[in-house]
Amino acid sequence: SIQTNFDTIKAQLQETLEGYKGIVVDENTIKQSKADLADLRKMSSEVDAKRKEIKKQWDEPYQEFKAKCDELMGLIDIPIGELKNQLDGFEEKRKAEKESHIRELYAENIGEYGDYLTYEGVFNPKWLNASTTDKDVVFDLSEKITHVRTDLDAIKALNSEIEDEVLAAYKNSGNSLATAIKKNSDYLAAKALAEKNLKEEAKEEEVK
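Residues numbered from 1 in each chain as written. Predicted model: local features only at pLDDT ≥ 70, side-chain atom pairs only at ≥ 80, totals over all residues. Heavy atoms only, no water.

> So what exactly am I meant to see when it comes to the packing of helix α5 (residues 163-172) against helix α6 (residues 177-207) here?
When two helices pack together, their arrangement is given by the angle between the helix axes and by the axis-to-axis distance. Look at α5 against α6: their axes get within 8 Å of each other, and the N-to-C directions meet at 150°. The angle between the axes of α5 and α6 places the two elements in the roughly antiparallel class. When you trace α5 past α6, the crossing you get is right-handed. Here Glu-165, Val-166, Ala-169 and Tyr-170 of α5 lie close against α6, whose contacting residues are Leu-177, Thr-179, Ala-180, Lys-183 and Asn-184. Residues of the contact of α5 with α6, tallied by class, amount to five nonpolar, two polar and two charged. (Axes fitted to C-alpha atoms, helices over the stretch in contact; angles between N-to-C directions. Helix = DSSP H or I, 4+ residues; strand = E, 2+ residues; numbered from the N terminus. Parallel < 35°, antiparallel > 145°, perpendicular 65-115°, else oblique. Left-handed = near helix turned anticlockwise from the far one by under 90°. Contact = heavy atoms within 4.5 Å. Nonpolar A, V, L, I, M, F, W, Y, C, P; charged D, E, K, R; others polar.)

Listed below in structure tokens is the structure:
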């Protein structure tokens, strides 16, 4: 602990500072007030200087102890680094092997929907976790396939005259059914307008 006569110094300081209570600066006391301000700042600086001196003394044994601890930790870090590098290598190898297996699961289950669900598009990084099973991967993939199958059934139910274009719009939009339906709706609207214009032109010809 730091031993000091703090209470004595504090009592003396408070006695000295009593003379500054209620002090008022006016035209006649400006010079003295500036001197008082300088004295007070000097007192504060002396206290802070003492604090820094004690802190330096206090820190010296700690810094020496810290250096020794850093040396010990440096020795321990050597085998830590070696073990970590090897474990990271095994983990990368495990992930690579599992990723290769997941590609096989994808190929086995994707069926006719590969154009709409590419491997890169459906892959989920969590599938590489050691806790993720083949069942989990197939389940996730099946959900995506079911969603696309339902969308494709809805598109086919439109009986669109431009079904290939509608399917292309669906695929190119990242499997957005709304985009596919809009593509067909826009076509029907354009077709209706064209037919209306033809009828009006025909009527005009009859009048002539």
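Next comes the rest of the account.
> Looking at this model, I keep getting lost on a nonpolar patch on the surface. Mind explaining?
On the surface, Leu-72, Leu-75, Ile-76, Ile-78 and Ile-80 cluster together into a nonpolar patch covering about 500 Å² of accessible area. Its place among the elements puts Leu-75 in helix α2 (residues 30-109). (Patch = residues over 30% accessible without salt bridge, like charges linked within 9 Å, V, L, I, M, F, W, Y side chains within 5 Å. Areas by Shrake-Rupley, 256 points an atom, 1.4 Å probe, with all protein chains shown as cover. Salt bridge = Lys/Arg side-chain N within 4 Å of Asp/Glu carboxyl O.)

> Just checking my understanding: could you explain the environment of Met-43 for this structure?
For Met-43, the location among the structural elements is in helix α2. Through-space distance from the C-alpha of Met-43 to that of Leu-13 is 9.5 Å; in sequence the pair is 30 residues apart.

> Would you explain the side chain of Asp-36 in this entry?
Here Asp-36 lies in helix α2. This buried residue, Asp-36, is left without a salt bridge; Arg-41 holds the nearest opposite charge, at 12 Å. (Buried < 20%, exposed > 50% of the residue type's maximum accessible area, 1.4 Å probe, protein only. Lys, Arg positive; Asp, Glu negative; His and termini not counted.)

The values reported here are purely geometric and, on their own, carry no functional implication.
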